[in-house]
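Listed below, chain by chain, are the residues.
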Amino acid sequence: MAEAPSFDPAHPWGGNSRNATVDVNAQYVGFEYHYTYLVFCAFIVWLIIPGIGLLYGGLSRRKSSLTMLFQSLMVASVTTFQWMFWGYSLAYSRTANAFIGDLANFGMMKVQAAPSPGSVYLPEVVFCLYQMLFCACTVQIVVGGSFERGRILPSLVFGFWWATIVYCPIACWTWNANGWLYKLPSLDFAGGGPVHIASGWAALAYAFMLGKRKHHGEKSHGKPHNTTLVFLGTILIWFGWFGFNGGSALNASVRAMYAAFNTNTAASMGAIGWVLVDYIRTGGKFSVVGACEGAIAGLVGITPAAGYVSCWPAALIGFFTAVVCACLQDINEWLNIDEGLYVFKLHGIGGMVGSFLTGIFADSAISALDGSTLAPGGWNGNGIQIGKQFAEITAISSYSFVVSCILLFMMKYIPGLHLRASEEAEMRGLDLDEFFDEQIGESDWSNFVRDDMIAHGLPKHVSTDQGALGSTDASMNGQAMEPEKQS
């Protein structure tokens, strides 16, 4: 078998490829399948980004739905720039300290063909692409905290700086070989801490700093305007998660395949768990949105555990995480924070549950499926691992929430970056306030239209013709409609 590639500090670019004097591909001969697999995983992870946009857009009221779709595209774009500019270096530079990287790879310097810090089987540019998409997904989850009242431009500026001072340091702690959580070690296969716990607490901070939404008894408040978008977004997220977890072994080993199997298992059991809670709560009724939320809760729970646990514990993790999240239906009222997309419930709490259960069920027989990693947990008698997982949970939770609050507080006083839309814009809808020519797809919720108009003191007897109103929230444009003519 060919000798595995190794990083040569004398050639940090991976060799001089100018004028074809060195074939930088030669060092990977016999191992091409590893980086081919990882590139494929990166491609399908990208689908999570529009998936989140569709999910959030469907859960929103129609008048603010387009904002969530637009942000999914722009967050990916802004995060790409941030990652190329300095994000990758702050998270993964080889000369990082225990808390954050330096600027050794600033501006993609030396990020090319050399074996990556994550795996010697991957050219560094492949590793950089894969991890960039993790950052983009995480920031997209965070901006869900601006739901239905946060302005777009400040959310994008916040996303850039949040990725810089929150996500990158936490990724360095967790996955950089010099990071303090990596050395502890805490077990986090694909992002229970940097992705889910961090984003959940940051979204809660965003909602807290924005304050509650304004509404005057509209029946559309808190109701998804398009269940089809929710379903489609969930399907894209579920599919993308095969690459998210399946690629996090950073090789094409049996462990990677097992992680993909666990991913589907946990999502399926999560859907069952949430639907079961809904069925009991409602006296025998089902919910498409509930099934989607359950699948996502299962995916969140298995993220830190996918490459550490066997299939039946994976099923339990998915089921239990979904049941816990489903039982916290009133968490916004308990916290007195209007976090309308329940990002904290699904990602924050779901991530903490998954991380904790990883410490219990981690099995060195599963981690060893890559041929080298031994990661015992309570399952193998290593009970101290549960305490290490708790250290990860508390450190990431507190850091993400506190730093996010500070960053948002500072932005409130920067001219042009006030976080919240005006009350008038909020009532009319962010889409009418932020965009000049588009509308989300048509829908006919005539009853909601009439109820919302009555709540705002508009005439009761109006035409609900779809061509005139367009949707449930067309009545939110602040203009009274013409009363129907009497025959």
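Criteria and cut-off values
- All residue numbers here refer to positions counted from 1 along the written sequence of the relevant chain.
- Local features in this predicted model are restricted to residues of pLDDT 70 or higher, and side-chain atom pairs are both shown and tallied only at a pLDDT of 80 or more, whereas totals for entire chains, interfaces and linings draw on every residue.
- Values reported for side chains reflect all heavy atoms of the structure, with hydrogen atoms and water molecules removed beforehand.
- Each helix is a run of H or I in the DSSP string that is no shorter than four residues. Each strand is a run of E no shorter than two, and both are numbered from the N terminus.
- Residue contacts are counted whenever heavy atoms from the two residues lie within 4.5 Å of one another.
- In this description, accessible areas are obtained by the Shrake-Rupley approach with a 1.4 Å probe, and a residue is regarded as covered only by the protein chains that are shown.
- Think of each axis as a best-fit line through the C-alpha atoms, taken over the contacting stretch in the case of a helix, with angles from 0 to 180 degrees between the N-to-C directions.
- Every angle not falling under 35 degrees, over 145, or within 65 to 115 is termed oblique; those three ranges are roughly parallel, roughly antiparallel and roughly perpendicular.
- Should the near helix be turned anticlockwise from the far one by less than a right angle, the crossing is termed left-handed; should it be turned clockwise, right-handed.
- In this classification, Asp, Glu, Lys and Arg are treated as charged, Ala, Val, Leu, Ile, Met, Phe, Trp, Tyr, Cys and Pro as nonpolar, and every other residue, Gly included, as polar.
- One number per residue, pLDDT, summarises how confident the predictor is, and it ranges from 0 to 100.
- For the purposes of this section, nonpolar cores are sets of buried Ala, Val, Leu, Ile, Met, Phe, Trp, Tyr and Cys residues that join through side-chain atoms within 4.5 Å.
- A simple rule labels every residue: compare its accessible area, found with a 1.4 Å probe on the protein chains alone, to the largest value its type can have, and call it buried under 20%, exposed over 50%, or partly exposed in between.
- Throughout, disulfides are identified as pairs of cysteine sulfur atoms within 2.5 Å of each other.
- Helix span is expected to be 1.5 Å times the residue number reduced by one.
- Under the rule applied, a polar contact is a pair of N or O atoms within 3.5 Å (in protein, one hydrogen donor and one hydrogen acceptor; residues adjacent in sequence only if both atoms are side-chain atoms).
- Throughout, the protein atoms alone are placed on a 1 Å grid, and a set of points is a cavity if a 1.4 Å probe fits but cannot get out or a pocket if it is open with protein on both sides within 12 Å along at least five of seven lines; lining residues have an atom within 4 Å of a point.
- Grid points are joined across faces, edges and corners, and a volume is the space filled by probe spheres set on the points.
- Any Lys or Arg side-chain nitrogen found within 4 Å of a carboxyl oxygen on Asp or Glu counts as a salt bridge.

1. Things to note about the overall build of the protein
At step 1: On a plain count of helices and strands, the protein comes out with 19 helices and zero strands.
At step 2: In the protein, of all internal contacts separated by at least 6 residues, the share reaching a separation of at least 24 is 75%.
At step 3: Counting every atom, the protein has about 19,600 Å² of accessible surface; 65% of that belongs to carbon and sulfur.

2. Description of the packing of helix H3 (residues 65–92) against helix H4 (residues 124–142)
Helix-helix packing: each pair is described by the crossing angle between the helix axes and the interaxial distance.
At step 1: Interhelical geometry of H3 versus H4 gives an angle of 130° and a closest axis separation of 8 Å. Relative to H4, the element H3 lies oblique. At the point where H3 passes H4, the crossing takes the right-handed sense. Residues Met68, Gln71, Ser72, Val75, Ala76, Thr79, Thr80, Gln82, Trp83, Tyr88 and Tyr92 of H3 form the contact with H4, whose participating residues are Glu124, Phe127, Cys128, Gln131, Met132, Cys135, Ala136, Val139 and Gln140.
At step 2: Within the contact of H3 with H4, the residues separate by chemical class into 12 nonpolar, seven polar and one charged.

3. Details of the confidence of the model for the protein
At step 1: Considering every residue of the protein, the mean pLDDT works out to 88; 88% of them sit at 70 or more.
At step 2: Model confidence for the protein, summarised as mean pLDDT per element, is weakest for helix H19 (residues 466–469) at 34 and strongest for helix H11 (residues 311–326) at 98.
At step 3: A low-confidence stretch, residues 460–487 stays under pLDDT 50, and its non-local contacts, those more than four residues away or across chains, total 64 contacts.

4. Remarks on the nonpolar core
At step 1: The biggest cluster of nonpolar side chains holds 113 residues, and the ones touching the most others in it are Trp83, Trp162 and Tyr167.
At step 2: Per element, the largest residue contribution to this core is 13 residues, and it comes from H4.
At step 3: In contact with tryptophan 83, not counting residues within four places along its chain, are Tyr88, Ala91, Tyr92, Cys128, Gln131, Met132, Cys135, Tyr167 and Cys168.
At step 4: Ranked by size, the runner-up nonpolar core spans seven residues in total, among them Trp274, Val277, Cys325 and Leu346.

5. Here we look at the state of the cysteines
Note on terminology: disulfide describes a covalent bond linking the sulfur atoms of two cysteines.
At step 1: Counted under the stated rule, the structure contains zero disulfides.
At step 2: Considering cysteine sulfurs only, cysteine 168 is the nearest to cysteine 135, which forms no disulfide, with 5.4 Å between them.
At step 3: For cysteine 135, a relative accessible area of 0% translates into the label buried.

6. Section: helix H1 (residues 32–46)
At step 1: The terminal C-alpha atoms of H1, which comprises 15 residues, lie 22 Å apart, in line with the 21 Å expected from a rise of 1.5 Å per residue.
At step 2: Elements that come into contact with the buried residues of H1 comprise helix H2 (48–59), H4, helix H8 (227–246) and helix H9 (254–282).

7. Thoughts on the side chain of arginine 213
At step 1: With respect to the element layout, arginine 213 can be found in the loop between helix H7 (192–210) and H8.
At step 2: Classification of arginine 213 as buried rests on a relative accessible area of 9%.
At step 3: Within the local environment of arginine 213, its side chain forms a polar contact with the side chain of glutamate 148, the two groups lying 2.8 Å apart.
At step 4: A polar side-chain atom of arginine 213 sits 2.8 Å from a polar atom in the side chain of aspartate 338.

8. Thoughts on unusual backbone geometry
At step 1: Across the junction of leucine 184 and proline 185, the peptide omega takes the value -10°, indicating a cis bond.
At step 2: Secondary-structure assignment places proline 185 in the loop between helix H6 (180–183) and H7.
At step 3: Unlike most non-glycine residues, leucine 250 shows phi in positive territory, near 60°.
At step 4: Locating leucine 250 in the fold gives a position in the loop between H8 and H9.
At step 5: With phi around 60°, asparagine 336 is a residue other than glycine that occupies positive phi space.
At step 6: On the secondary structure map, asparagine 336 appears in the loop between helix H12 (331–335) and helix H13 (343–361).
At step 7: Under the relative-accessibility criterion, asparagine 336 is labelled exposed at 53%.

9. A few points about the packing of H1 against H8
At step 1: Where H1 contacts H8, the two axes come as close as 7 Å, and the packing angle between them is 140°. Relative to H8, the element H1 is oriented oblique. Along this stretch, H1 crosses H8, giving a crossing that reads as left-handed. Contacts from Tyr37, Cys41, Ile44 and Val45 in H1 reach Phe239, Gly240, Phe242, Gly243, Phe244 and Gly246 in H8.
At step 2: Taken together, the residues of the contact of H1 with H8 sort by class into seven nonpolar, three polar and no charged.

10. Quick look at the environment of glycine 350
At step 1: The topology assignment puts glycine 350 in helix H13.
At step 2: Of the residues examined, glycine 350 reaches a relative accessible area of 0% and is grouped as buried.
At step 3: Separated by 25 residues in the primary sequence, glycine 350 and cysteine 325 have C-alpha atoms spaced 6.6 Å apart.
At step 4: Residue contacts for glycine 350: discarding those within four places in its chain leaves Val300, Gly301, Thr321, Cys325 and Lys345.

11. Things to note about the layout of surface pockets
At step 1: Its volume calculated, the largest pocket comes out at about 910 Å³.
At step 2: What lines the largest pocket is a set of 41 residues, among which Gly118, Tyr182, Arg255, Tyr308 and Thr373 lie closest to the centre.
At step 3: Broken down by secondary-structure element, the contributors of at least two residues to the lining of the largest pocket are H1, H4, helix H5 (152–175) and helix H15 (384–411).
At step 4: At four residues, the largest contribution of residues to the lining of the largest pocket is made by H4.
At step 5: Of the pockets and cavities examined, the second largest pocket occupies roughly 750 Å³.
At step 6: Gly222, Lys223, Gln329, Gly340 and Tyr342 are the residues nearest the centre of the second largest pocket, which is lined by 34 residues in total.
At step 7: Only H9, helix H10 (288–302) and H12 provide two or more residues apiece to the lining of the second largest pocket.
At step 8: A class-by-class count of the residues in the lining of the second largest pocket yields 10 nonpolar, 12 polar and 12 charged.

12. With respect to the pattern of salt bridges
At step 1: Under the definition given, this model contains seven salt bridges.
At step 2: Notably, a salt bridge pairs aspartate 338 with arginine 213, separated by 2.8 Å at the nearest N-O pair. Of this pair, aspartate 338 sits in the loop between H12 and H13 while arginine 213 sits in the loop between H7 and H8, and the two are 125 residues apart along the sequence.
At step 3: For glutamate 426, the salt bridge identified is with arginine 420, shortest N-O distance 2.9 Å.
At step 4: The network of salt bridges with common partners includes Arg61, Glu148, Arg213 and Asp338.

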